[in-house]
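Spelled out from the first residue to the last, the chains are:
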Amino acid sequence: MKQRVSTLLREKLGCEVVLEKPKDRSFGHFATPIAFSLAKELRKSPMIIAEELASSFDDHDIFTSVESVKGYLNFRLSEDFLSEYAAWALDNPTEFAKQEQNEKILLEFVSANPTGPLHIGHARGAVYGDTLYRLAKHLGYDITAEYYVNDAGNQIDLLGLSIALYARENILNETVEYPESYYRGEYLDGLANGAIEKFGKEIFSDESRYKELALWAKDGVMDIVVDSLANLNIHFDTFVKESSLYSDWDRVMQKMGDGIYKKDDKVWIASELKGDDNDRVVVREDGRPTYLAGDIVYHNQKFERGYDHYINIWGADHHGYIPRVNAAVEYLGYDSSKLETLLSQMVSLLKDGEPYKMSKRAGNVILMSDIVDEIGSDALRFIFASKKSDTALEFDLAEFKKQDSSNPIFYIQYAHARIQTLLSKAEVSKEEINSATLKNLGDNADSLLFDALLLPEIVEDAFSSRQVQKLPDYLKALAASLHKFYYDCRIIGTDNEAKLLKLLLVVALSLKVGLSLMGIEAKDRMSREED
RNA sequence: GCGCUCGUAGCUCAGCUGGAUAGAGCACUGGUUUGCGGUACCAGCGGUCACAUGUUCGAAUCAUGUCGGGCGCACCA
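(A) Summary view of the environment of Trp 314. With respect to the helices, strands and loops of the structure, Trp 314 is situated in strand β10 (residues 309-315). In this structure, the C-alpha to C-alpha distance between Trp 314 and Ala 112, residues 202 residues apart in sequence, is 9.7 Å. Excluding anything up to four places from it in sequence, Trp 314 contacts Glu 108, Asp 295, Tyr 321, Ile 322, Val 325, Thr 341, Leu 342, Leu 343 and Ser 344.

Printed below as a string of structure tokens:
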């Protein structure tokens, strides 16, 4: 819709035109301050320019009026245009808000270490990534969702040790001394018991076998992780294991050429020359590669697989890591501007105004699965998608358990359910609804129709700006328009019933598609839940 | 100390490629159709857009600085 208008204006005026949302719907559907920027060039007052431009639009089928107000140009779309577009959308619901793209994108997200269940911070990155993924898919991108499994390095050794310690203390009833760092949490119980079946209890007392224990256990942890993501409606296309990459290390190192050098018996990457604060060690004196080495091989592999664009979603605490990976990508001979790293910030939780207590059972973290159990996947996804991912977020669980308009997910679902209820009470036939024309509906209905038809540009904008919160914001506003309309306007039993129900079908379509892009299924009925 | 980031209504946050009177939700207060789910709607209250200077016809938005919060600054992942 917006595209159509801006294309038209570009042709007509011969330059790019910035289209905005007018301050107030009474001004029209779209507005542009173009007269202000032309004022200098033309040496005329913006008001006069706007007047002249407005009058040059005498008649055009997509606009019903073009007005100049205080230097702004305000456009109002015609009923013909809106009704035809709406009719098309209803006839082609699976095409609505879609586009054709030919870009191939690799999106890597979550990538939590397989050493324990996901916590609430991971959940945010997961929701952000999956929402982007859904948006991109809908927009026609060829996008792959990938999980990088850090199944090598110290943390895996630590996993083996942690299981053994847990088992010795809780199953073998031994007194154990805990080292400075180790993993804790209920999940170790399942792993320890699984290990007994697989290896027998002896393995816990034989330190030389901890590695073996760990290599077995990491798959079990990944199963836990994958299951918990599935509960959030999140699925990955590909998993890449860090352990599978190191065989390629020598070749990749050579590929980096001058970017790599030896000093003090270690191998370094000259990342400082590429904008990093310092050069970084990639291979230690004892020959063990650092974490960065793994990531270098991994990114090389990504680029060799050949995508047009690469997106990483990392926890914000890793932001200092971006320059060194970009440096490596450059040394590998690739364009680091194709690699985009997005950040997801910390989350702090409240419950009824008090800080949410981390449970000892969980290992002093807030488990993602606990929150899903508490408020459900839909609410969790909605909250996380609602806030800009790179700013810290604090929210109160209680707000999302309420069954009224203070709970945005409830409010939106209710709007959708309300429409379904009306349809079920319709006194006109489906055929009458389908063949109705969305004209002469009155201002309120026109306005609602326009709101519902905005979904495509919201989807486009949310993805291209990577600001997924624009989608839930829009859905909230659309739900509000619907509720208001419902209140203001009687539908069933009126002369306009078929038209109005058709209008509501368009609203329901946008709500449903919008929710599905957030991984949430629209409800047809609200059930009253008893506390 | 250095880097990144944030600072907008009592609370949680939009708005930020500069543009029409600064927005929404929550909370609080008051109200609502002799109608389709009042699980809704409307209104009121509430802001020197952290502070200062600058650029501009115009700044919450850009620049510089100050103050305050968060996060980084590993041969750990």
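(B) Up close: the protein's contact with RNA strand B. Lining the immediate surroundings of RNA strand B are 54 residues, of which Tyr 72, Lys 266, Arg 284, Lys 425 and Tyr 487 lie closest. Within 4 Å of the protein, the atoms of RNA strand B are drawn from sugar and phosphate moieties in a proportion of 57%. His 319 is positioned with one of its side-chain polar atoms (N or O) 2.7 Å from a base nitrogen of RNA strand B. Tyr 414 places a side-chain nitrogen or oxygen 2.3 Å from a sugar or linking oxygen of RNA strand B. Secondary structure elements with two or more residues in the surface near RNA strand B: β3 (72-77), α6 (154-170), β14 (393-396), α14 (408-424) and α18 (470-488). With 6 residues, α14 is the largest single contributor of residues to the surface near RNA strand B. Broken down by class, the residue content of the surface near RNA strand B amounts to 22 nonpolar, 17 polar and 15 charged.

(C) Spatial organisation of α14. The terminal C-alpha atoms of α14 lie 25 Å apart, and with 17 residues this matches the ideal 24 Å at 1.5 Å per residue to within 8%. Where α14 is concerned, the buried positions are Pro 408, Ile 409, Phe 410, Tyr 411, Ile 412, Gln 413, Ala 415, His 416, Ala 417, Arg 418, Ile 419 and Leu 422. Elements in contact with the buried residues of α14: α13 (377-386), α18 and α19 (497-517).

(D) A look at unusual backbone geometry. Residues other than glycine seldom take positive phi values, yet Asn 173 does so here, at roughly 55°. The topology assignment puts Asn 173 in the loop between α6 and α7 (187-199). For Asp 264, which is not a glycine, the phi torsion comes out positive at approximately 50°. Within the secondary structure, Asp 264 sits in the loop between β7 (260-263) and β8 (266-269).

(E) Geometry of the layout of surface pockets. Approximately 920 Å³ is the volume found for the second largest pocket. What lines the second largest pocket is a set of 33 residues, and nearest its centre among them are Lys 2, Leu 454, Pro 456, Glu 457 and Ile 458. Looking at the lining of the second largest pocket, the elements with two or more residues in it are α1 (2-13), α4 (79-91), α16 (443-452), α17 (455-464) and α18. Taken together, the residues of the lining of the second largest pocket break down into 16 nonpolar, 5 polar and 12 charged. Domain assignment of the residues forming the lining of the second largest pocket places at least three in each of domain 1 (2-77) and domain 3 (408-517).

(F) Representation of the packing of aromatic side chains within the structure. Tallying each qualifying case throughout the model produces 24 aromatic pairs. When the centroid spacing of 5.9 Å and the interplanar angle of 85° are considered together, the rings of Phe 384 and Phe 395 count as edge-to-face. On the criterion of sequence distance, the pair formed by Phe 384 in helix α13 and Phe 395 in strand β14 is long-range, its members being 11 residues apart. Residue classification places Phe 395 among the buried positions, given a relative accessible area of 5%. Following the ring pairs from residue to residue traces out a cluster consisting of Phe 109, Tyr 147, Phe 236 and Phe 239. Here the basic side chain of Lys 274 rests over the ring of Tyr 331, its NZ or CZ set 5.1 Å away from the ring centre.

Rules of the game
Residues numbered from 1 in each chain as written. Chains lettered and ligands numbered in written order. Predicted model: local features only at pLDDT ≥ 70, side-chain atom pairs only at ≥ 80, totals over all residues. Heavy atoms only, no water. Helix = DSSP H or I, 4+ residues; strand = E, 2+ residues; numbered from the N terminus. Contact = heavy atoms within 4.5 Å. Near = heavy atom within 4 Å. Polar contact = N/O pair within 3.5 Å; in protein donor to acceptor, adjacent residues only side chain to side chain. Nonpolar A, V, L, I, M, F, W, Y, C, P; charged D, E, K, R; others polar. Expected span 1.5 Å × (residues − 1). Buried < 20%, exposed > 50% of the residue type's maximum accessible area, 1.4 Å probe, protein only. 1 Å grid on protein atoms, 1.4 Å probe; cavity = no way out; pocket = protein on both sides within 12 Å on 5 of 7 lines; lining within 4 Å. Points joined across faces, edges and corners; volume = space filled by probe spheres on them. Domains from an automatic or database assignment. Phe/Tyr/Trp six-rings, centres within 6.5 Å; stacked < 30°, edge-to-face > 60°. Lys NZ or Arg CZ within 6 Å of the ring centre and 35° of its normal.

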